[in-house]
Amino acid sequence: MITTLIRIRASAERLGAQLGPARRPVALGGLVLVLVGCFSPWATFAGFPGQMTLAYPGGTRLYCLLLALGGLLELVPLHGRRRAGELAAFGCLGIALYTTISIANEGGGIVNVSFGAWLTLVGAFALLAGLSALPDDDTPPALSDGPPWLGLLAIIAVLGGVLALVVEGLKIESSGQFICFLVAIVFGVLALARLGIVAWFQRAAERYRTVTLAAALISAAVFPFTQNGSDYWLRVGASVGVFAAAAIGLNVVVGLAGLLDLGYIAFFGVGAYVGATFSGATASNAHVHLPFLAVVVLGALVAATFGVLIGAPTLRLRGDYLAIVTLAFGEIFRITANNLDGQAGPKITNGPNGIPGIPNLKVGGFDFGDAHTFLGVKIGYFANYFWAELLLIVVVVLIFVRLNQSRIGRAWVAIREDETAAAAMGVNTVRLKLLAFAIGAFLAGAAGTLNAHLATQVDPTSYDFNQSILLLAAVVLGGMGTIGGALLGSTLLIVLPEKLRFFQEKRILVFGIALILMMRFRPEGIVPNRRRQREFHDADSGGDAMAAPPGAPVAT
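Each value, and the rule that gives it
- Residues numbered from 1 in each chain as written.
- Predicted model: local features only at pLDDT ≥ 70, side-chain atom pairs only at ≥ 80, totals over all residues.
- Heavy atoms only, no water.
- Helix = DSSP H or I, 4+ residues; strand = E, 2+ residues; numbered from the N terminus.
- Rg over C-alpha atoms; globule rule 2.2 N^0.38 Å.
- Buried < 20%, exposed > 50% of the residue type's maximum accessible area, 1.4 Å probe, protein only.
- Contact = heavy atoms within 4.5 Å.
- Areas by Shrake-Rupley, 256 points an atom, 1.4 Å probe, with all protein chains shown as cover.
- Lys, Arg positive; Asp, Glu negative; His and termini not counted.
- Charge placed at Lys NZ, Arg CZ, Asp CG, Glu CD.
- Axes fitted to C-alpha atoms, helices over the stretch in contact; angles between N-to-C directions.
- Parallel < 35°, antiparallel > 145°, perpendicular 65-115°, else oblique.
- Left-handed = near helix turned anticlockwise from the far one by under 90°.
- Core = buried A, V, L, I, M, F, W, Y, C linked by side-chain atoms within 4.5 Å.
- Salt bridge = Lys/Arg side-chain N within 4 Å of Asp/Glu carboxyl O.
- Phe/Tyr/Trp six-rings, centres within 6.5 Å; stacked < 30°, edge-to-face > 60°.
- Lys NZ or Arg CZ within 6 Å of the ring centre and 35° of its normal.
- pLDDT = per-residue confidence, 0-100.
- Expected span 1.5 Å × (residues − 1).
- Polar contact = N/O pair within 3.5 Å; in protein donor to acceptor, adjacent residues only side chain to side chain.
- Patch = residues over 30% accessible without salt bridge, like charges linked within 9 Å, V, L, I, M, F, W, Y side chains within 5 Å.
- Nonpolar A, V, L, I, M, F, W, Y, C, P; charged D, E, K, R; others polar.

### Remarks on the overall build of the protein chain
Here is step 1 of the chain: Broken down by element type, the protein chain carries 21 helices and four strands.
Here is step 2 of the chain: Radius of gyration (C-alpha) of the protein chain: 26 Å, near the 24 Å computed for a compact globule of 556 residues.
Here is step 3 of the chain: Projected onto its principal axes, the C-alpha positions of the protein chain cover 80 × 60 × 45 Å.
Here is step 4 of the chain: When the 556 residues of the protein chain are sorted by exposure, 49% land in the buried category.
Here is step 5 of the chain: In the protein chain, of all internal contacts separated by at least 6 residues, the share reaching a separation of at least 24 is 77%.
Here is step 6 of the chain: Carbon and sulfur atoms make up 67% of the accessible area of the protein chain, which amounts to about 25,100 Å² in all.
Here is step 7 of the chain: Seen as two clouds, the 37 positive and the 31 negative side-chain charges of the protein chain have centres 4 Å apart.

If you want it as structure tokens, here you go:
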């Protein structure tokens, strides 16, 4: 279908080049057709998500309608409006085509596709053709910053809107409709980037960084109140928090120091086993119950110790050789955990059975396993873990930011860029790489101790090579060396398989394809570091409108 859309886009551009003075009327006519189509039935049978038999913009019709309104950008006196409108029209066309095919497949043929879908398809194609022929400059405008209240209001509105979009997206049950929802968001953001609005918002967020961070933290903390007592997405959100904390730790190793670690999940597993062993679980072989805060520190220190022990003899290696050694360490950890069952070795991990029955956390008199009512709203017990993970992420982020802004962080970046040159300038590369391994392992171990209570059991299968690859994919997809990239990458890699169950078993393949596409079209990641973005795109004069538009999200 992607190939078909690319061909349709090329056909629309060729047609637009032949329209001449008629290009604007054709674009406006296409917009009218889309509007009429979105308020018309798209299916002749009931049961398709979005009530497609009714004459109102429900389901994916709403996404088409909102994107098609981007065609009105041609009437706005802004640079970049043609490219922005073209992106919106292309997204509208893609959603309409996908929905039409889905209706035909589910209904047993195109005879069950109603006239509204055809009107929308024709209108979106005409809108794309007309907009592609309009003259425009490809450089996003530099919008003025405006008064302070405008920036503050925009920060609050955007973060509140993000929370609303997350809640609405999680309510969507149909996989197809959820895909269209994501497509609408992606093309909407790209269109706003072409208008310079994303860059303007980034400047406002940087000016009022404290307000931005506070608003983001409040938005995340409010999420449990939107779930109406349901624990499912709170459980997923808590898993995202654990994964994100570990991904930020891996970002220290890969993103800052440039060390390819393929066995990082082992440090996460060490923390989890320490947390399970001293949790008071009946299956634990230690029979010692320590306070959770002490266990977090202990798990992090044990993981950091393993990081030093593994790193000391191997960090003189570089590139692929280091990656192979770290991969071997990850497998050694899994095999060792399998064998410490009292038969092949000491009885520490219970072998393949792991340590089940890990009790809920209790900090002081607060039991994380109890539901609570707060401000009249009943909150499921997973909200307690969600907030605990949120606190963990705040701590990990503070550590990462302070390291990144320190002399150590700058030395790591120098090693990443050119280790030989860094050594020639007096940087102790071995010691600093070892420190990166130790700190990364420390953060992973802390996350692992909390994950043991969240999962209520630990076993060797949870810490295999696939999990290391998923962590690495989260860092690379999101953007190496950035906090936002690790958070976004972790969210995508946890939430998408939950929403799109049809590729649950093939998610490694799907994420591998995604990595290949990212390396081709946006190698710096979705939320790149400014330095890395300049490295990849300084030589580029423009780039494809669908790939990495100027003004796209950038992290400092």
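### Concerning the packing of helix α10 (residues 232–256) against helix α19 (residues 483–499)
Here is step 1 of the chain: Packing of α10 against α19 leaves a shortest axis separation of 8 Å and a crossing angle of 140 degrees. Accordingly, the angle class assigned to the pair α10 and α19 is oblique. Judged by the sense of rotation from one axis to the other, the crossing of α10 with α19 is right-handed. Along the contact surface, α10 presents Tyr 232, Trp 233, Val 236, Val 240, Phe 243, Ala 244, Ala 247, Ile 248 and Asn 251, while α19 presents Ile 483, Ala 486, Leu 487, Ser 490, Thr 491, Ile 494, Val 495, Glu 498 and Lys 499.

### A look at the nonpolar core
Here is step 1 of the chain: Counting residues in each nonpolar core, the largest one holds 95 residues, and the members touching the most others are Phe 223, Phe 267, Phe 268, Trp 412, Val 458, Tyr 463 and Leu 471.
Here is step 2 of the chain: Looking at this core, the element that brings in the most residues is α10, giving 17 residues.
Here is step 3 of the chain: Here Val 458 is in contact with Ala 272, Tyr 273, Ala 276, Asn 353, Gly 354, Ile 355, Ile 358, Ala 452 and Tyr 463, once residues within four sequence places are set aside.
Here is step 4 of the chain: Ala 12, Leu 65, Leu 121 and Ala 124 belong to the second-largest nonpolar core, a separate cluster that totals 45 residues.

### Section: the environment of Ile 156
Here is step 1 of the chain: Looking at the element boundaries, Ile 156 is found in helix α6 (residues 148–171).
Here is step 2 of the chain: Here Ile 156 falls in the exposed class, since its relative accessible area comes to 53%.

### Looking at the environment of Ala 266
Here is step 1 of the chain: In this fold, Ala 266 is placed in helix α11 (residues 265–277).
Here is step 2 of the chain: Sequence spacing of Ala 266 and Ala 441 is 175 residues, and the spatial spacing of their C-alpha atoms is 8.8 Å.
Here is step 3 of the chain: With sequence-adjacent residues up to four places away left out, Ala 266 is seen in contact with Phe 329, Gly 330 and Phe 333.

### Notes on the pattern of salt bridges
Two side chains of opposite charge can pair, provided their charged atoms sit close to one another.
Here is step 1 of the chain: Applying the stated rule across the entire model yields four salt bridges.
Here is step 2 of the chain: Linking Glu 417 and Arg 416 is a salt bridge whose minimum nitrogen-to-oxygen distance equals 2.7 Å.
Here is step 3 of the chain: Looking at Glu 417, the relative accessible area reads 40%, which means it is partly exposed.
Here is step 4 of the chain: Residue Arg 416 is classed as buried on the basis of its relative accessible area of 18%.

### Observations concerning the packing of aromatic side chains
Geometry of an aromatic ring pair is reported as the spacing of the ring centres plus the angle between the planes.
Here is step 1 of the chain: Counted under the stated rule, the structure contains 16 aromatic pairs.
Here is step 2 of the chain: Where Phe 178 meets Phe 181, the ring centres are 6.3 Å apart and the plane angle is 25 degrees; that geometry is what we call stacked. Placement of the pair is Phe 178 and Phe 181 together in helix α7 (residues 175–194), with a separation of three residues, close to one helical turn. Each member of the pair, Phe 178 as well as Phe 181, carries the same accessibility label: buried.
Here is step 3 of the chain: Geometrically, the ring pair formed by Tyr 264 and Phe 267 is edge-to-face, given 6.0 Å between the ring centres and 75 degrees between the ring planes. Phe 267 carries the same exposure label as Tyr 264, and that label is buried.
Here is step 4 of the chain: Site record: aromatic cluster; members linked through ring pairs are Tyr 264, Phe 267, Phe 329 and Phe 437.
Here is step 5 of the chain: Between the NZ or CZ atom of Arg 61 and the centre of the ring of Tyr 56, over which it lies, the distance is 5.5 Å.
Here is step 6 of the chain: Across from the ring centre of Phe 178, 5.1 Å away, lies the NZ or CZ of Lys 499, which sits over that ring.

### A few points about the confidence of the model for the protein chain
Here is step 1 of the chain: Considering every residue of the protein chain, the mean pLDDT works out to 83; 91% of them sit at 70 or more.
Here is step 2 of the chain: Ranking the elements of the protein chain by mean pLDDT puts helix α21 (residues 530–537) last with 68 and α11 first with 91.
Here is step 3 of the chain: Overall, residues 541–551 carries pLDDT values under 50, and its contacts beyond four positions in sequence, including any with other chains, amount to 22 contacts.

### A short note on α19
Here is step 1 of the chain: Taking 1.5 Å as the rise per residue, α19 with 17 residues should run 24 Å; its terminal C-alpha atoms sit 24 Å apart, in good agreement.
Here is step 2 of the chain: Considered for burial, the residues of α19 that qualify are Ile 483, Gly 485, Ala 486, Gly 489, Ser 490, Leu 493, Ile 494, Val 495, Leu 496, Pro 497 and Lys 499.
Here is step 3 of the chain: N-cap assignment for α19: the residue whose side-chain oxygen lies 3.1 Å from the backbone N of Gly 485 is Thr 482.

### Comments concerning the side chain of Thr 99
Here is step 1 of the chain: Tracing the sequence through the fold places Thr 99 in helix α4 (residues 81–107).
Here is step 2 of the chain: Filtering out sequence-adjacent residues up to four positions away, Thr 99 remains in contact with Trp 42, Phe 48, Met 52, Thr 60 and Cys 180.

### Some words on a nonpolar patch on the surface
Here is step 1 of the chain: Among the surface-exposed residues, Leu 62, Leu 66, Leu 69 and Leu 72 lie close enough to one another that they form a single nonpolar patch of about 330 Å² accessible area.
Here is step 2 of the chain: Checked against the element boundaries, Leu 69 lands in the loop between α3 (60–68) and α4.
Here is step 3 of the chain: A relative accessible area of 35% means that Leu 69 is categorised as partly exposed.

### Examining the packing of α11 against helix α13 (residues 319–339)
Here is step 1 of the chain: Interaxial distance between α11 and α13 falls to 9 Å at its minimum, and their mutual angle equals 30 degrees. Considering the angle they form, α11 stands roughly parallel to α13. Of α13, the residues touching α11 (which contributes Ala 266, Phe 267, Gly 269, Val 270 and Tyr 273) are Phe 329, Gly 330, Phe 333 and Ala 337.
Here is step 2 of the chain: Among the residues forming the contact of α11 with α13, the class breakdown is seven nonpolar, two polar and no charged.

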